[in-house]
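So you can see what is in the structure, the chains are spelled out below.
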Amino acid sequence: MSTLVVDYEPKWPEVFARLRATISEGLGPLAVAIEHVGSTSVPGLVAKPVIDMSVVVAFDADVPAAIDRLAKLGYRHRGNLGVEGREAFDNPPGLPAHNLYVCPEGNLGLLNHLAVRDYLRSHPDTATAYGELKKKLAARFASDIDAYIDGKTDFILGVLAETGFTDEELTLIAAVNRNA
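Residues numbered from 1 in each chain as written. Predicted model: local features only at pLDDT ≥ 70, side-chain atom pairs only at ≥ 80, totals over all residues. Heavy atoms only, no water.

> Where do I start with the packing of helix 3 (residues 108–122) against helix 4 (residues 124–140) in this structure?
Packed helix pairs are specified by the crossing angle of their axes together with the interaxial distance, meaning the distance between the axes. Following both chains from N to C, one finds helix 3 and helix 4 inclined at 110 degrees, their axes separated by 5 Å at the closest point. Classified by the angle between their axes, helix 3 and helix 4 sit roughly perpendicular to one another. Of the residues in helix 4, those touching helix 3 at Tyr119, Leu120 and Ser122 are Pro124, Thr126, Ala127 and Tyr130. Counted by class, the contact of helix 3 with helix 4 contains five nonpolar, two polar and no charged residues. (Axes fitted to C-alpha atoms, helices over the stretch in contact; angles between N-to-C directions. Helix = DSSP H or I, 4+ residues; strand = E, 2+ residues; numbered from the N terminus. Parallel < 35°, antiparallel > 145°, perpendicular 65-115°, else oblique. Contact = heavy atoms within 4.5 Å. Nonpolar A, V, L, I, M, F, W, Y, C, P; charged D, E, K, R; others polar.)

> Is there a simple way to explain the packing of helix 5 (residues 145–162) against helix 6 (residues 167–177) in this structure?
Interhelical geometry of helix 5 versus helix 6 gives an angle of 165 degrees and a closest axis separation of 10 Å. Taken as axis vectors, helix 5 and helix 6 run roughly antiparallel relative to one another. For the pair helix 5 and helix 6, the crossing hand works out as right-handed. On the side of helix 5, the interface is formed by Ile149, Asp150, Thr153, Leu157, Leu160 and Ala161, while helix 6 contributes Leu170, Ile173, Ala174 and Asn177. (Left-handed = near helix turned anticlockwise from the far one by under 90°.)

> Mind showing me how you'd approach the sheet that holds strand 5 (residues 98–104) here?
Strands sit in the order 1-2-5-4-3 across an open sheet of five strands; the sheet is mixed. The open sheet has two edge strands, strand 1 (33–37) and strand 3 (76–79), and neither has a second partner. Ignoring which end each strand starts from, the neighbouring axes of this sheet average 30 degrees apart. Pairing analysis gives three bridges linking strand 4 (residues 87–90) to strand 5, with the strands arranged antiparallel. For Ala88, the partnering residue across the bridge sits in strand 5 and is Tyr101. Relative to strand 2 (residues 51–57), helix 1 (residues 12–27) is tilted by about 30 degrees, and along the sheet it contacts strand 1, strand 2 and strand 5. Sheet strands touched by helix 3: strand 1, strand 2 and strand 5. Its angle to strand 1, the strand with the most contacts, is close to 55 degrees. (Pairing = 2+ DSSP bridges.)

> Looking at this structure, I do not really get unusual backbone geometry. What am I missing?
Glycine aside, negative phi is the norm for most residues, and most peptide bonds take the trans geometry. A positive phi is found at Leu81, a non-glycine position, where the angle reads about 50 degrees. Locating Leu81 in the fold gives a position in the loop between strand 3 and strand 4. Assessed through its relative accessible area of 44%, Leu81 is described here as partly exposed. (Buried < 20%, exposed > 50% of the residue type's maximum accessible area, 1.4 Å probe, protein only.)

> When you look at the nonpolar core in this model, what are you seeing that I'm missing?
Side chains that are nonpolar tend, in soluble globular proteins, to be buried together. Counting 23 residues, the largest nonpolar core has Ile23, Leu27, Met53, Val55, Leu70, Leu100 and Val102 as the members making the most contacts within it. Breaking this core down by element, the ones donating at least two residues are helix 1, strand 2, helix 2 (63–72) and strand 5. No other element matches helix 1, which puts six residues into this core. The contact partners of Leu70, leaving out residues within four places of it in the chain, are Ile23, Leu27, Tyr75, Phe89, Leu100 and Val102. If you look at the next biggest cluster of nonpolar residues, it comprises 16 residues, including Val42, Tyr119, Leu170 and Ile173. (Core = buried A, V, L, I, M, F, W, Y, C linked by side-chain atoms within 4.5 Å.)

> Can you walk me through the pattern of salt bridges in this structure?
Pairing of side chains with opposite charge becomes possible as their charged atoms draw close. Counting across every chain of the model gives seven salt bridges. Between Glu35 and Arg117 there is a salt bridge, with its nearest N and O atoms 2.9 Å apart. Here Arg117 lies in helix 3 and Glu35 lies in strand 1, a separation of 82 residues in the sequence. Residue class for Glu35 comes out partly exposed when judged on its relative accessible area of 21%. For Arg117, a relative accessible area of 9% translates into the label buried. Of the charged contacts in the structure, one is a salt bridge between Arg178 and Asp154, with a shortest N-O distance of 2.5 Å. Here the residue Arg178 occupies a position in the segment after helix 6, and Asp154 occupies one in helix 5, the gap between them amounting to 24 residues. For Arg178, a relative accessible area of 34% corresponds to the partly exposed category. (Salt bridge = Lys/Arg side-chain N within 4 Å of Asp/Glu carboxyl O.)

Here it is in structure tokens:
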């Protein structure tokens, strides 16, 4: 996977909205929310040109039904990819590049994404610093996504600490990000 980062594209929220509409129609009330997360959800932030989306369901027991309904839309379930409580999907051919996840409400992986997004949206100086770090890491680790992610981890953990994540939660998130 490439670590190419590009300048913010004002079209990203529109791309998310189109994808969300299709997914929302397919999932109906099973989806409590469909969140735009990741760097493309923060205005002005450089990002890999891939929309990150989290479908939120009310309970763990709703995840299998969401997986089935997404399969009918052409999504292929990939498992949790090492993140407990977060199911990942390959998107159907012909759609804009995006990462799709399904998480029950309150899941640490979801809370992590929402907290970072919301913090960066409300702290533009931090978002700028994060963007500069991402550019440097992408240039240094152009073909090593794991090193790129590892290089961002301390910054993200600092943001999460600012938002009130516990030491235990930060340890769990660090372990996932560093594939430990």
